[in-house]
Amino acid sequence: MAKKIKCTVVKAFNNNVILVKRKDNNKEEVLVGKGIAFGKKEGAEIKIDAEKIEKSFVTYGEKFKKEYFSLIDEMDGEIIRVCEEIISIAEENLGQLNQHIHIALTDHVSFARERMESDMIIEFPFLEEIKILYKDEYKIAVKALEILNNRLDTKLPEDEIGFITMHFYAARENTNVRNTYRNVSLINELVDIIQTELGVRLDPGDSNYIRLVNHLHFSIERVNNNINVQNPLIESIKSEFNEAYSVSDKLSKKIKSELNLEISEAEKGYMTIHLQRLNDVNSL
């Protein structure tokens, strides 16, 4: 016999999403499942088959509840179901995600489908960088796009992998998507500066490109997190690798102007060594 969940209906949003208060723990919980809320009335004492629950999560905070419930009140129930399935897969692979992913991803997917139906395609210009920097999130985003297109019978473009990856990363790191996008965009600009200044052209699939993007990312992360590095050879580096140091200085000024982060001389030194190696490889 299937297990029954005893609860009180707080609000039924559509046929697929319902907010209940469970009898066993007295907590409010959102339940998602096909037809799970059909005919359910507010205040009713009900029993729900556990096997019909595709996804459940406890709501925290009035602000979140207000935003989420406002969203799903006007949202296609099938989009909510599919997004919750994707979030479940993401949490199985990435760990617990910030609760706001339930709002951010669902809203994004709904808007993406609207854009597609109106022939409005928004390109994601940093797919290669995203693939390198957030490879775990990227893998789940590839699967997510496949699920979305299959379940919703749509043809969302590959660019959506980039946007979905950013949502996963932001939820995993408790930051916002805008900051994630800004940082990836900045790294893309820094790579362009390096290619112009050193007169090199880097293939996004090449190991040198991958190492460079990772180095820039971790340099910014260290400074952003106030992690100081020591570099006792900085004066020798500046003297011996003058051209590469000059490029590092330009990169540091760009980071300063965009993020208001001060790159230390020690950090510039390690950046210089990396750029010099890149220059040497491309001179062969």
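For the structure itself, look to the data block above.
Treat the numbers as computed from the prediction; the structure is a model and nothing was measured. (Residues numbered from 1 in each chain as written. Predicted model: local features only at pLDDT ≥ 70, side-chain atom pairs only at ≥ 80, totals over all residues. Heavy atoms only, no water.)

Enquirer: What should I look at first to understand the overall build of the protein in this one?
Expert: Of regular secondary structure, the protein possesses eleven helices and five strands. Its C-alpha atoms put the protein at 75 × 40 × 35 Å along the principal axes. Across the protein, contacts joining residues at least 24 apart in sequence account for 66% of those joining residues at least 6 apart. By element, 45% of the accessible surface of the protein is carried by carbon and sulfur atoms, the whole surface being about 15,000 Å². Of the side chains in the protein, 39 bear a positive and 48 a negative charge, and the two mean positions are spaced by 7 Å. (Helix = DSSP H or I, 4+ residues; strand = E, 2+ residues; numbered from the N terminus. Contact = heavy atoms within 4.5 Å. Areas by Shrake-Rupley, 256 points an atom, 1.4 Å probe, with all protein chains shown as cover. Lys, Arg positive; Asp, Glu negative; His and termini not counted. Charge placed at Lys NZ, Arg CZ, Asp CG, Glu CD.)

Enquirer: Would you take a moment to explain the pattern of salt bridges for this structure?
Expert: Between side chains of opposite charge, pairing is possible as soon as their charged atoms come close. Taken as a whole, this structure holds 23 salt bridges when the rule is applied. Residue Lys-23 is joined to Glu-45 by a salt bridge in which the shortest nitrogen-to-oxygen separation is 2.7 Å. With a gap of 22 residues between them, Lys-23 in the loop between β2 (17-22) and β3 (28-32) and Glu-45 in strand β4 (residues 45-49) connect regions that are remote in the sequence. Salt-bridge contacts for Glu-85 lead to Arg-151; the nearest nitrogen and oxygen are separated by 2.6 Å. In this pair, Glu-85 is assigned in helix α2 (residues 77-94) and Arg-151 in helix α5 (residues 135-151), connecting sequence segments 66 residues apart. (Salt bridge = Lys/Arg side-chain N within 4 Å of Asp/Glu carboxyl O.)

Enquirer: In this structure, what is going on with the environment of Tyr-138? I would like to understand it.
Expert: Looking at the secondary structure, you find Tyr-138 in helix α5. Along the primary structure Tyr-138 and Lys-4 are separated by 134 residues, whereas in three dimensions their C-alpha atoms are 37 Å apart. Tyr-138 has contacts with Leu-127, Ile-130, Lys-131, Glu-158, Ile-161 and Thr-165, leaving out every residue within four places of it along the chain.

Enquirer: What is the right way to look at the packing of aromatic side chains in this model?
Expert: For any pair of aromatic rings, the description consists of the separation of the ring centres together with the inter-plane angle of the planes. The tally for this structure, following the rule as stated, stands at eight aromatic pairs. With centroids separated by 5.6 Å and ring planes inclined at 10°, the aromatic side chains of Phe-64 and Tyr-68 adopt a geometry described as stacked. Highlighted residues: Phe-64 and Tyr-68, both in helix α1 (residues 62-73), separated by four residues, approximately one helical turn. Assessed through its relative accessible area of 8%, Phe-64 is described here as buried. Since its relative accessible area comes to 0%, Tyr-68 is described here as buried. Residues Tyr-134 and Tyr-169 carry aromatic rings whose centres are separated by 4.0 Å and whose planes lie at 25° to one another, so their mutual orientation is stacked. Taken together, the residues Tyr-134 in the loop between α4 (127-133) and α5 and Tyr-169 in helix α6 (residues 159-173) connect sequence positions 35 residues apart. Relative accessible area serves as the criterion here: at 3%, Tyr-134 is assigned to the buried category. Grouped by ring-pair contacts, the aromatic residues Phe-124, Phe-126, Phe-163 and Tyr-181 constitute a single cluster. Above the ring of Phe-111, the side-chain terminus of Arg-115 is found at 5.0 Å from the ring centroid. (Phe/Tyr/Trp six-rings, centres within 6.5 Å; stacked < 30°, edge-to-face > 60°. Buried < 20%, exposed > 50% of the residue type's maximum accessible area, 1.4 Å probe, protein only. Lys NZ or Arg CZ within 6 Å of the ring centre and 35° of its normal.)

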